[in-house]
Amino acid sequence: MAMNSSSPREAFHVSMLVNDARYRARTIQVITFCLLALAAAWLVDNTIRNLAALGKDFSFGFLWSRAGYDIAPHAIDYSSTSTHARAALVGLLNTLIVAAMACATATVLGVLAGVLRLSHNWIVARLMTVYVESFRNIPALLWIIVVAAVMSEAMPTPNAFRGENPAASMMFWDSIAVTNRGIYVPVPDFSRSLGQAPGALGSFDLNYAAILAVLALSLLAHRALVKHAHRVQNATGQRPVTWWKSLCVFVVPSVVLLWALGFHLDCPVLKGLNFVGGLQLRNAFIALWIGLSVYTGAFIAENVRSGILAISRGQSEAAHALGLSPARTMRLVILPQALRIIVPPLISQYLNITKNTSLGLAVGYMDLRSTLGGITINQTGRELEGMLLMMLIYVAISLTISAVMNIYNSRVRLKER
């Protein structure tokens, strides 16, 4: 009869939660979590009791009362008769819009500055060094205020564009006007519109929905072409030419749809004392956008420079030996490898931009901090509820950005066999 050589498993007893290394870590984690939960419960209960002593209750019912103030700009339908919840949503959208634009601009500026700082041209490299060292060592708020002051004080008034006037030099391509009230730019318009459709956030334009649908279908078709090219290359060793097919897939359907909708640009026109038509980019928006872009771009430039320097010099030498130019070497060899080093700190910079949008309060930009965390709190007296809700929203935005960027980071990081 064969005997089992393995020793019998020791029976579980309570002392193992402390003495056994297999359970000790989890025991400490559970105890810590329970203590934090008790502390949070005590804090909430103490806050509610103190509010009750002051004649206040803890409620979010104020969100459904009339806001009574205007917000400009607003990406969705809004008026002073809307609720505080609607005002908070408008402020949130304003925050997301300026954060997205600042992230994109800062990334482009940071990549260019980081690459050019390593240039062999002494003047270019030193200019980028001056930019990085100057902009990142001055608070972002000062840059925002400086841009706002320049836009308000140095730019001409709309009335100065009338007649033969030097201010006409600030009118670009007869369609973009830079004034002390903001920048007026053309916006797309359609002579044969598909109309509006009701939605949860208000009515939305079916023209833009159709354009987005066509672009999505074109993207799917492009991916199908790329996958087919991969299969042909794996089977025959030769990759078919697909660039002209992809160009047709994107361009032809979009052009046909725009022609069918009667697409044209609605340009701003000076009438009376101001411009009408087009889209007005207000000074507060421009100041916040440019200020955050140039400030964060300096930090991104250092991230890019450190990522490039971390790549072995042998990679560049091998690319040059194959006949690649310095520009193609940087674009095709160095930067793709440096991304796994650049992306993690880049996530932090995107989070900083999103949180620093709250500085728009200094120049009058109506973001989440100015609406929910400002006027709404002042009108309703719900400081605790408003601040708590605003904090939860910022946490949700930050976690979403981190999750999306971490997914991208997992795709570009070095794959080990």
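These lines cover the structure that appears in this document, whether it is placed above or below.

Reading the values: the criteria
- Residues numbered from 1 in each chain as written.
- Predicted model: local features only at pLDDT ≥ 70, side-chain atom pairs only at ≥ 80, totals over all residues.
- Heavy atoms only, no water.
- Patch = residues over 30% accessible without salt bridge, like charges linked within 9 Å, V, L, I, M, F, W, Y side chains within 5 Å.
- Areas by Shrake-Rupley, 256 points an atom, 1.4 Å probe, with all protein chains shown as cover.
- Salt bridge = Lys/Arg side-chain N within 4 Å of Asp/Glu carboxyl O.
- Helix = DSSP H or I, 4+ residues; strand = E, 2+ residues; numbered from the N terminus.
- Buried < 20%, exposed > 50% of the residue type's maximum accessible area, 1.4 Å probe, protein only.
- Polar contact = N/O pair within 3.5 Å; in protein donor to acceptor, adjacent residues only side chain to side chain.
- Contact = heavy atoms within 4.5 Å.
- Core = buried A, V, L, I, M, F, W, Y, C linked by side-chain atoms within 4.5 Å.
- Axes fitted to C-alpha atoms, helices over the stretch in contact; angles between N-to-C directions.
- Parallel < 35°, antiparallel > 145°, perpendicular 65-115°, else oblique.
- Left-handed = near helix turned anticlockwise from the far one by under 90°.
- Nonpolar A, V, L, I, M, F, W, Y, C, P; charged D, E, K, R; others polar.
- Pairing = 2+ DSSP bridges.
- Expected span 1.5 Å × (residues − 1).
- Arc of directions from axis to C-beta.
- Bend = angle between axes of the 7 residues up to and from the residue.

### As for a nonpolar patch on the surface
Taken together, the side chains of Val241, Trp243, Trp244, Leu247, Val251, Val252, Val255 and Val256 make up a nonpolar region of the molecular surface, amounting to roughly 790 Å² of accessible area. With respect to the helices and strands, Leu247 occurs in helix H7 (residues 243–261). Residue classification places Leu247 among the partly exposed positions, given a relative accessible area of 47%.

### Quick word on the side chain of Thr357
With respect to the secondary-structure elements, Thr357 resides in the loop between helix H10 (326–356) and helix H11 (368–380). When its relative accessible area of 0% is taken as the criterion, Thr357 is described as buried. For Thr357, the side chain forms a polar contact with the main-chain oxygen of Thr354, separated by 2.5 Å.

### A closer look at the side chain of Gln349
Of note, Gln349 is situated in helix H10. Not counting the four nearest positions on each side in its chain, Gln349 is found in contact with Thr296, Phe299, Ile300 and Asn303.

### Overview of the nonpolar core
In globular proteins that are soluble, nonpolar side chains generally tend to be buried together. Formed by 57 residues in total, the largest nonpolar core has its most connected members in Met151, Leu292 and Met405. Within the residue set of this core, elements represented by two or more residues are helix H3 (84–116), helix H4 (122–135), helix H5 (140–154), strand E3 (182–185), helix H8 (283–309), H10, H11 and helix H12 (383–412). Once residues within four sequence positions are removed from consideration, Met405 is found in contact with Val343, Leu346, Ile347 and Tyr350. Grouped together as the second largest cluster of nonpolar side chains are 9 residues, Tyr78, Ala87, Val90 and Met366 included.

### Overview of the packing of H3 against H8
It is at 6 Å that the axes of H3 and H8 come closest, and there the two elements cross at 40 degrees. The pairing of H3 with H8 is recorded here as oblique in orientation. In terms of crossing hand, the pair formed by H3 and H8 is right-handed. For the contact of H3 with H8, the per-class residue count stands at 18 nonpolar, 7 polar and 1 charged.

### Comments concerning unusual backbone geometry
Here the residue pair Ala72 and Pro73 is connected by a cis peptide bond, since its omega of 0 degrees sits within 30 degrees of zero. The topology assignment puts Pro73 in the loop between helix H2 (21–53) and H3.

### Regarding the pairing of strand E2 (residues 176–179)
Bridge count for E2 against E3 is 3 bridges, and the pairing is antiparallel. Paired with Ala177 across the bridge in E3 is Tyr184.

### Quick look at H5
Under the 1.5 Å per step criterion, the end-to-end length of H5 is 21 Å for 15 residues, consistent within 8% with the ideal 21 Å. Turning to H5, its buried residues number three or more, namely Ala140, Trp143, Ile144, Val147, Ala148 and Met151. The buried residues of H5 occupy an angular sector of 135 degrees when the element is viewed end-on, so they sit on one face. Exposed and oriented more than 90 degrees from the buried face of H5 are Glu153 and Ala154. Structurally, H5 contributes buried residues whose contacts are with H4, E2, E3 and H8.

### As for H8
Taking 1.5 Å per residue, 27 residues should reach 39 Å; H8 reaches 39 Å between its end C-alpha atoms and fits that length. When the local axis directions of H8 are compared, the greatest deviation, roughly 25 degrees, occurs at Gly297. Within H8, 21 of the 27 residues are buried, leaving the element largely enclosed by the surrounding structure.

### Things to note about the pattern of salt bridges
What the rule picks out here adds up to 6 salt bridges. Close ionic contact of Arg305 with Glu302 constitutes a salt bridge, the shortest N to O distance being 3.1 Å. Of this pair, Arg305 and Glu302 are both found in helix H8, 3 residues apart, which corresponds to roughly one turn of the helix. Given a relative accessible area of 15%, Glu302 falls into the buried group. Taken together, the salt bridges that share partners define one network made up of Arg117, Glu133, Arg136, Glu302 and Arg305.

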